[in-house]
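Given next are the chains, with one letter for each unit.
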Amino acid sequence: MFDDLRDLYQEVILDHGKHPRNFGKPEAFNRMARGENPLCGDKINVYLSIGPEGVVNDAHFDGRGCAISQASASLMTETLKGKTEAEAEALFGHFHDMCTKDDHEHTDHGHLDPEAVEKLDVLSGVREFPMRVKCATLAWHTMHAAIHGDEKTTTE
Amino acid sequence: MDTRILTNAPYDVEKVRQDFPILTRLVHEKPGRPGKPLVYLDNAASAQKPRAVIDAMANFMAHDYSNVHRGVHYLSQVATNLYEATRVKTATFLNAPSPDTIVFTRSATEAFNLVASSWGGAHLKAGDEIILSVMEHHANIVPWQLLRSRTGIVIKVAPVLDDGTLDLEALARLLESPKVKLVSITHGSNVLGTVTPAAEIARMAHAAGAKVLFDGSQAAVHMPVDVQAIDADFYIMTGHKLYGPTGFGVLYGKAELLESMPPYQGGGDMIQTVTFEETTFREVPHRFEAGTPPIVEGIGFGAAIDYVTALSMGAIHAHEQRLLAYATEKLQAIDGLRIIGTSPTKAAILSFTIEGVHPHDIGTLVDRAGVAVRVGRHCAEPLMDRFGVGATARASFALYNTEAEADALVDAVRAVREFFN
Ligand SMILES: Cc1ncc(COP(=O)(O)O)c(C=O)c1O
Ligand SMILES: [Zn+2]
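This structure is a prediction, so every number in the text was calculated from the model and none was measured.

1. Details of the UniProt feature "domain: NIF system FeS cluster assembly NifU N-terminal" (unreviewed entry) in chain A
No. 1: Following the UniProt record, one finds the feature "domain: NIF system FeS cluster assembly NifU N-terminal" (unreviewed entry) at residues 9-91 of chain A.
No. 2: Each end of residues 9-91 of chain A is marked by a C-alpha atom, and these two atoms are 21 Å apart; helix forms 35% of the span and strand 30%.

Now the structure itself:
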């Protein structure tokens with residue numbers, strides 16, 4: 001019945017949705033923000049440990065939401081580790097483009113870690129589901145807010 | 001009209017469906033992929049429109065259109081008569097004592113804001129209490145909060161039992177306070193489906209010296225309503241859920257209450273005379289209808305009332321209750337599915353969750369099968385908290401839905417469970 005939904009719900013997404021990595025509030029973190037998607041009730045907290053050099057040493061999240069928002073948050077925390085704030089923001093820019101624009105419309109976000117880009121590509125299916133873009137980008141908006149010290153953010 | 005005779009006629013849903021042009025369309029059509037028949041189960045958000053409503057609006061614009069209440073010319077009189085006829089139809093629909101007790105607004109939301117601002121602003125002072133219930137739509141919460149920040153009123157909340165029935169004992173306790181001036185409560189929950197015992201609530205409120213307002217946005221769509229029998233002081237409806245157009249709402253108010261209320265908005269149409277020193281206002285209900293009203297929408301709403309009245313609200317209710325029972329039984333049989341809202345008195349609304357699958361994902365999946373449901377918080381966030389869920393999926397039935405469509409929902413939901421297993 002749902003064969004053509006496999007582009008959106010790839011195995012990796014189902015797996016991360018069901019068994020999110022880096023889930024739970026860590027003992028130590030120095031940045032956090034809370035994100036909310038009022039439309040569907042997705043709510044997440046992102047916790048970052050950022051070193052003096054501006055490198056994300058650790059990233060965690062908790063909260064609840066749909067499979068897309070949970071998988072996206074889980075994949076994000078995996079890709080963020082070891083990135084500088086600037087690289088994290090560049091990935092956010094790329095990810096946002098990937099979810100909302102055709103390839104030729106993507107803007108240049110500076111250097112992108114190719115491994116991270118490949119990993120995040122499993123979520124490119126949301127491009128065909130405009131109503132679900134906010135689910136996929138919620139974690140990233142929240143990460144961005146955490147870096148900039150805004151405690152609350154929403155995708156509205 | 002004698003509805004009893006019509007109620008005895010068998011309800012021919014297939015014939016009824018032919019009145020709704022949209023129901024024959026397919027969704028998710030793509031080159032090389034056949035579309036799916038639309039199974040529209042998002043009626044609590046907004047209902048589809050019968051040909052009679054579409055035609056009435058188009059014909060009115062093509063033949064009879066003009067502004068109302070303003071001109072001496074021929075068409076102005078024609079348009080005014082047609083528009084005011086909707087007031088008479090609405091009064092009959094709700095069994096209101098007179099068309100003058102019917103105020104037209106642009107939505108249920110505007111009607112709530114009108115009552116809160118005008119009646120509340122004039123009659124409530126700091127420390128006065130109003131009682132809402134935990135299952136209210138945000139439209140019956142936020143206007144009161146705005147009034148609270150202006151005047152210092154106190155908002156109390158009546159709880160529901162675990163099955164979603166209004167907790168009448170708790171309501172009685174809240175009504176023991178002599179400060180309660182208003183009970184503003186839903187007549188039918190848009191999430192749980194719960195239909196509240198309006199007559200009893202009104203009796204309790206009145207015995208405590210409080211007025212009562214019912215949110216009939218959902219209830220009036222699913223069953224006959226008699227505002228005099230339930231002794232409502234105010235009753236609110238919204239047109240687009242009753243198969244009418246968007247942009248049209250109704251506020252019924254007892255005559256003496258409406259008389260006691262100052263205007264809500266100022267402008268043309270609602271005045272008697274205007275000078276820069278002083279303005280006198282028109283009589284009720286026109287006092288509350290500032291500016292050019294939603295004329296075309298009013299014509300469409302009148303046609304919608306004619307349409308459901310011809311089918312009879314009793315027959316519609318009976319048809320939907322059969323569907324509700326059928327769909328409830330089938331859904332309940334699905335492992336891990338939890339129905340939120342199982343009150344013995346319910347309208348045909350089914351909110352549910354599935355263990356391990358977020359409602360947002362349910363929505364996207366069943367949509368691919370052509371089944372339109374709503375997922376999320378349904379503008380009732382406090383209620384989501386009450387039941388410990390972040391969101392639900394909601395299937396809501398209308399007069400044109402069928403058992404086959406309930407089956408399509410159930411099949412799609414079963415497939416969702418398999419997909420996520
Ligand atoms: C119970 C209830 N009250 C009020 C409203 C508000 O109606 P509207 O948005 O048409 O003003 C709705 C519809 O969303 C509703 O379901
Ligand atoms: Zn979501």
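2. Some thoughts on the coordination of the zinc ion (ligand 2)
No. 1: Listed as protein donors to the zinc ion (ligand 2) are Asp-42 of chain A (OD), Cys-66 of chain A (SG), Cys-135 of chain A (SG) and His-360 of chain B (ND1); their distances from the metal cover 2.1 to 2.4 Å.
No. 2: Around the zinc ion (ligand 2), the four donor atoms are arranged such that angles at the metal cover 88 to 139 degrees; this shape is classified as irregular. On the criterion of chain membership, the pair formed by Cys-135 of chain A in helix 5 (residues 133-147) and His-360 of chain B in helix 13 (residues 359-368) is interchain, its members lying in two chains. You'll find Cys-135 of chain A and His-360 of chain B in the same group, each marked buried.

3. Some details on the domain arrangement of chain B
All names here are of chain B.
No. 1: Splitting chain B by domain gives domain 1 (13-46 + 312-420) and domain 2 (53-310).
No. 2: Taking only C-alpha atoms, the centre of domain 1 and the centre of domain 2 are 28 Å apart.
No. 3: Taken together, the contact between domain 1 and domain 2 spans 38 residues of the former and 34 residues of the latter.
No. 4: For the pair domain 1 and domain 2, the two sides together bury roughly 2900 Å², of which 58% comes from carbon and sulfur.
No. 5: For the interface between domain 1 and domain 2, the tally reads one salt bridge.

4. Some points on the site of ligand 1
Residue and element names in this part refer to chain B.
No. 1: As a structural note, the neighbourhood of ligand 1 is formed by Ser-107, Ala-108, Thr-109, His-137, Ala-139, Asn-190, Asp-215, Ser-217, Gln-218, Thr-238, His-240 and Lys-241.
No. 2: Taking Ser-217, its side chain carries an N or O atom lying 3.3 Å from a nitrogen atom of ligand 1.
No. 3: In the model, an oxygen atom of ligand 1 is placed 2.7 Å from a nitrogen or oxygen of the His-240 side chain.
No. 4: Protein contact buries 88% of the 390 Å² of open area that ligand 1 shows by itself.
No. 5: Here the shell around ligand 1 is composed, by residue class, of two nonpolar, eight polar and two charged.

5. What to know about the confidence of the model for chain A
No. 1: Residues at a pLDDT of 70 or more form 96% of chain A, whose mean pLDDT is 91.
No. 2: Within chain A, strand 4 (residues 152-154) of chain A has the poorest average pLDDT of any element, 65, and helix 2 (residues 67-80) of chain A the best, 96.

6. Some details on the environment of Asp-150 of chain A
Residue and element names in this part refer to chain A.
No. 1: Within the secondary structure, Asp-150 is located in the loop between helix 5 and strand 4.
No. 2: Sequence separation between Asp-150 and Gly-24 is 126 residues; the distance between their C-alpha atoms is 20 Å.
No. 3: The residues contacting Asp-150, other than those within four sequence positions of it, are Met-32, Ala-33 and Ala-145.

7. Observations concerning the sheet that holds strand 4 (residues 102-105) of chain B
Residue and element names in this part refer to chain B.
No. 1: Strand order in the open sheet made by the seven strands is 4-10-9-8-7-5-6, with mixed pairing throughout. Sheet topology places strand 4 and strand 6 (154-158) at the edges, where each strand pairs with a single neighbour. Recorded for the sheet is a direction-independent mean angle of 20 degrees between the axes of neighbouring strands.
No. 2: Bridge count between strand 7 (residues 180-186) and strand 8 (residues 211-215): five bridges; the pairing is parallel.

8. With respect to empty space enclosed by the protein
Residues and elements named next belong to chain B.
No. 1: Applying the stated rule across the entire model yields two cavities of 30 Å³ or more.
No. 2: In this model, the largest cavity occupies a volume close to 90 Å³.
No. 3: Taken together, 14 residues line the largest cavity, and the ones lying closest to its centre are Phe-104, Arg-106, Phe-288, Glu-289 and Ala-290.
No. 4: A breakdown of the residues in the lining of the largest cavity according to their chemical character gives seven nonpolar, four polar and three charged.
No. 5: Estimated volume of the second largest cavity: approximately 40 Å³.
No. 6: What lines the second largest cavity is simply Asn-43, Ala-44, Ala-47, Gln-218, Val-221, His-222, Lys-241, Tyr-243, Phe-397 and Ala-398.
No. 7: Residue composition of the lining of the second largest cavity, grouped by class: six nonpolar, three polar and one charged.
No. 8: When residues of the lining of the second largest cavity are assigned to domains, at least three map to each of domain 1 (13-46 + 312-420) and domain 2 (53-310).

About the thresholds
- Counting from 1, residues in each chain are numbered in the order their sequence is written.
- Think of it this way: whatever chain is written first is A, whatever ligand is written first is 1, and the rest follow in order.
- Given that the model is predicted, a residue must reach a pLDDT of at least 70 before its local features are reported, and side-chain atom pairs must reach 80 or more before they are shown or counted; all residues, however, enter totals for whole chains, interfaces and linings.
- As a rule here, side-chain values cover all heavy atoms of the structure and leave hydrogens and water aside.
- UniProt positions are given in the numbering used here, feature names are shortened, and annotations may be inferred rather than shown by experiment.
- To qualify as a helix, a DSSP run of H or I must reach at least 4 residues; to qualify as a strand, a run of E must reach at least 2; elements of each kind are numbered from the N terminus.
- The rule for donors is simple: an N, O or S atom within 2.8 Å of the metal counts, and for Na, K and Ca the reach is 3.2 Å. Water is not among the atoms, so a site may look short of donors.
- Any site counts as irregular unless it has four donors with all angles between 85 and 135 degrees, making it tetrahedral, or four or six donors with opposite ones more than 155 degrees apart and the rest between 65 and 115, making it square planar or octahedral.
- The classification of residues rests on relative accessible area computed with a 1.4 Å probe and restricted to protein chains. Under 20% of the type maximum is buried, over 50% is exposed, and intermediate values are partly exposed.
- For the domains described, the bounds stem from an automatic or database domain assignment.
- Throughout, a residue-residue contact means that at least one pair of heavy atoms, one from each residue, lies within 4.5 Å.
- Two parts placed together each lose some accessible area; with a 1.4 Å probe, that loss summed over both constitutes the buried area.
- Whenever Lys or Arg places a side-chain nitrogen within 4 Å of a carboxyl oxygen from Asp or Glu, that contact is recorded as a salt bridge.
- Distances are taken per atom, and a residue is near a molecule or strand as soon as one of its heavy atoms is within 4 Å of it.
- By the criterion applied in these results, polar contacts are pairs of N or O atoms within 3.5 Å in which, for protein atoms, one can donate a hydrogen and the other can accept it, and in which residues neighboring in sequence qualify only through two side-chain atoms.
- Each accessible area is a Shrake-Rupley estimate made with a 1.4 Å probe; only the visible protein chains count as cover when residues are assessed.
- Classification used: nonpolar for Ala, Val, Leu, Ile, Met, Phe, Trp, Tyr, Cys and Pro, charged for Asp, Glu, Lys and Arg, polar for all others including Gly.
- The pLDDT value expresses, per residue, how confident the predictor is, ranging between 0 and 100.
- Should DSSP find at least two bridges between two strands, the strands are regarded as paired.
- Whenever a helix is involved, its axis is fitted only over the stretch in contact; in every case the axis is a line through C-alpha atoms, and angles between N-to-C directions fall within 0 to 180 degrees.
- Every definition here rests on a 1 Å grid over the protein atoms only: cavities are sets of points where a 1.4 Å probe fits but cannot get out, pockets are open sets enclosed by protein on both sides within 12 Å along at least five of seven lines, and lining residues have some atom within 4 Å of a point.
- Grid points are joined across faces, edges and corners, and a volume is the space filled by probe spheres set on the points.

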